[in-house]
Amino acid sequence: MELVSVLVFLPVVAALLMLVSRAEQLQYLVVTVTVLILSLLCVYLLFIPLQPVTFSFSHTLETFLIIADVALLLFFVQQGFRFKANMVVGLALLQLLLYGLAEASLGDYSGAAMIVDRLSILMFLIINIVGGIIVFYALRYMADEAMNAFRKRLFTAYLLLFLSVMNMIVMANSLLLFFFLFEMTTLASYLLIGFRKDELSQNNALKALWMNQVGGVVILLGTIIAITQFDTVYFDTLLASSGGYLLLGLALLSMAALVKGASLPFDSWLLGAMVAPTPVSAILHSATMVKIAPYLILKLAPALGGTLLGGVLALGGALGFVAASYLALSRSVFKEILGYSTIALLGLMMSLAAIGTEESMMLAMALIFFHAFSKALLFLSAGVLEKSFHLKNIEVMKGLAHIAPRSVGYIMFGFISLTLPPFGLFMGKLFAIESVAALMNERPWLVVVLLAIIVGSALLVLLYFKVASALLSKPSDIVPSEKEQIPFGFALPLMLLTLVGIVTTVGFILIQNDAYLTLFAVPLLFVALLPWIARTMERFDRVKVYHCGEKEGFDAALFYFEPSPKTAQVIYWGFTLIFGAVALAGVLS
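Residues numbered from 1 in each chain as written. Predicted model: local features only at pLDDT ≥ 70, side-chain atom pairs only at ≥ 80, totals over all residues. Heavy atoms only, no water.

Enquirer: Would you mind showing me how to read empty space enclosed by the protein here?
Expert: Think of a ball as big as a water molecule: rolled over the atoms, this probe shows where empty space is left. Per the stated rule, a full pass over the model turns up three cavities of 30 Å³ or more. Taken as a whole, the largest cavity encloses approximately 210 Å³ of empty space. As for the largest cavity, its lining consists of 18 residues, of which Leu258, Ser263, Leu264, Gly316 and Gly317 are closest to the centre. Residue assignment for the lining of the largest cavity shows that the elements contributing at least two residues are helix 14 (308–328), helix 15 (334–355) and helix 24 (565–588). The residue inventory of the lining of the largest cavity, partitioned by class, reads 13 nonpolar, five polar and no charged. Estimates place the volume of the second largest cavity at around 80 Å³. Listing elements by their share of the lining of the second largest cavity, those giving two or more residues are helix 16 (358–389), helix 18 (405–419), helix 19 (424–439) and helix 21 (488–512). For the lining of the second largest cavity, the class distribution of residues is seven nonpolar, six polar and no charged. (1 Å grid on protein atoms, 1.4 Å probe; cavity = no way out; pocket = protein on both sides within 12 Å on 5 of 7 lines; lining within 4 Å. Points joined across faces, edges and corners; volume = space filled by probe spheres on them. Helix = DSSP H or I, 4+ residues; strand = E, 2+ residues; numbered from the N terminus. Nonpolar A, V, L, I, M, F, W, Y, C, P; charged D, E, K, R; others polar.)

Enquirer: Just checking my understanding: could you explain the environment of Leu159 for this structure?
Expert: Residue placement: Leu159 occurs in helix 6 (residues 149–169). With relative accessibility at 0%, the residue Leu159 sits in the buried group. (Buried < 20%, exposed > 50% of the residue type's maximum accessible area, 1.4 Å probe, protein only.)

Enquirer: Help me understand unusual backbone geometry, please; the structure alone is not making it clear to me.
Expert: Among all residues save glycine, negative phi is the norm, and among peptide bonds the norm is trans. Cis geometry is adopted by the peptide bond preceding Pro265, which originates at Leu264 and carries an omega value of 10 degrees. Of note, the phi angle at Lys197 is positive, near 65 degrees, even though the residue is not glycine. Mapped onto the fold, Lys197 is located in the loop between helix 7 (175–193) and helix 8 (199–230). Residue Ala262 is not a glycine yet carries a positive backbone phi of 55 degrees.

Enquirer: Looking at this structure, I do not really get the nonpolar core. What am I missing?
Expert: Proteins that are soluble and globular tend to have nonpolar side chains buried together. Counting residues in hydrophobic clusters, the biggest one holds 223 residues, and the most contacted among them are Phe124, Leu250, Trp269, Leu284 and Phe415. Not counting residues within four places of it along the chain, the set of residues in contact with Leu284 comprises Phe162, Ile193, Trp269, Leu270, Ala273, Met289 and Val290. (Core = buried A, V, L, I, M, F, W, Y, C linked by side-chain atoms within 4.5 Å. Contact = heavy atoms within 4.5 Å.)

Enquirer: Can you help me understand the packing of helix 15 against helix 20 (residues 446–471) in this one?
Expert: When two helices pack together, their arrangement is captured by the angle between the axes and the distance separating the axes. Contact pair helix 15 / helix 20: the axes reach a minimum separation of 11 Å and the direction vectors enclose 160 degrees. Classed by the angle they form, the pair helix 15 and helix 20 counts as roughly antiparallel. Taken as a pair, helix 15 and helix 20 cross one another with a handedness that is left-handed. Residue-level contacts link Phe334, Ile337, Ser341, Leu345, Leu348, Ser351 and Ile355 of helix 15 to Leu446, Val449, Ile453, Leu460, Leu463, Tyr464 and Val467 of helix 20. A class-by-class count of the residues in the contact of helix 15 with helix 20 yields 12 nonpolar, two polar and no charged. (Axes fitted to C-alpha atoms, helices over the stretch in contact; angles between N-to-C directions. Parallel < 35°, antiparallel > 145°, perpendicular 65-115°, else oblique. Left-handed = near helix turned anticlockwise from the far one by under 90°.)

Structure below.
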C-alpha cells in the first residue's frame, strides 16, 4: 500500500516543488529524482509476486470527493460561460444533474474504491517511465517558449500532476471515482492544449473539453444503471453480475472509452491538441490520456467476450484502424500524421480487447506497451525538428537526413519499431492475425477484423514510407545555421526511449526462446547505417526512360491520398452510426 501511494503523492509533491524552484538546476534535480523513483518503483512492482491490493475510502474522503467533483463541474460551467461555449455549459450542467441523481441513489455499499492488479502495473510502467521521460524533455522544450518563468514551471507542474491523476485512474474500482478522475484528465487536456492562450489554442481546448464531457455523461449514465439495477458502484461487482441491463451499462462505459481514445468521429479533439507545446502531444498520445481507452475496454473485456456488444466494439475498432490509417495519408503536418496513426492503433487495441479471449487481451496489452515508447520517441523527435529547424510540414523536410542525421535517425528508429520485426508492434499484429484467424470457425464475422488488421497495417507502412522517403531523399534548400547539435535536454530522452525500445525487443526475443526470431533483428542494423545510406543517396536521381534521360526529382512527401468530401462525410457519418450502435448493442444483448 505504501509503495503504491508513492505513485500518487510523489508527483504532487514534485509539482509543488517545481512551482517554487527558480533555479534551473534545482528544477532538473526535482524532475530527475522524481522520474527515477517512479520508474524504479514500477519496475519493482512488475517483478515481485503481487496479489490484487485493495483500498477503501473513509466517509471523510468520500465527502471530499463529492465536493471536488461538484467544484470541477462548476468550473467547466464557468469556463463555458466565459468563452461563450454553449456545448461546454450544457454538458457540464447535464453532468451535475446526473451526478446528483447517482449520489442520491447510492445505498450503503461496501467495497474497494481502488484495486491494484497486473493491468494497473502495466499502465504504471507506461505512465511513469514514458510520462516521466516526457516531463524531463519538457524542461528543455519550455526554455525556448516566449512566456514568463513562472508559466514555464507551471507547465511542468501540470504534467507532473497529470501523472498522479493517471496513476489513480488505472487503480479506480469505484465508478464515481473513475468518473471524477476521467474528468480530471479532461481538465488536464483543457489546460494543456490551451496553455499558450492564443485564440486557436483556446478554441481547440474548448473542443477537447466538450467532446470529453460526452464521455463523462455516458459514464454517469452507466453508473446510474449499476446503482439502480445491480446495487453497486464498483467495477468488480458489476462485472460479476449478469442479466438485466448489465450490457447496456457496459456499453455506456465503452462509449466513454471511444470518446477518450479520439475514435472517429471524435478524432478532432486529439488532432487539435497539436497546437499545444510538443510535450502535450507526446503525453496525450503515448503515455497517458488516450491509453485510458484500451485500458477501459480491457477492464470490461471479461464481460464483453462473445456478446453482441463485444462484436460491435471489435468491428468498430478494426474499421477505425483502417479509416484512421487512410485519413493519415492525406496529412502533411508531421504531428498530425503521428496523431492519426495513434488513433488507428488505438482502434486496433480496443478491437482486440473487445474480442475478449485471453490471448487477444494479452495482445492488446502488448500493443499498448510497445506503442507508448515508439510514439513518444516520434513525438519528441518532432519537437526537436520544430525547435531546431522550425519544421512541421513534411513537404519542406526533403533531404533532412543529410542535414540532421541524428534527428532523422531517431525518427527512422521510431518508424522501424512500429512496422518491422522483431519489434512489439509488428509481432503483436502478426500474432493478432493468427489469433483472430483461429477464432473464425466459431465467430465468422471476425473475417472483417482479420482483413482490417492486414489492410490497416499496410496503410500504416505506406504512411511511414511516405515520410521516410522524404527525409532520406536528395538534399533540398534547407540550410542549417550550424552543424546539427541536439541539446542534452532533448538528446537524453530520445536516447532513453530508443534504448528502452531495444531492451524490450531483446527481452521479447529471449522470453520467446526462438532462435529464428534472432533473424528478425536485421532491421536494427538499418539505424546504424543511416548516415552511410544518406551519403550514398546523394549520387542518385530518379530518371524516367520516356523523358529522354533528363533528371526528374521525386518527392514521396508530395503524394497524397485525399478522400473526396463525399467520402470523408460517409466515413464520419458511418462511425457516428457505429458509436450509436454500441448503445443499441447494449440494449439488444
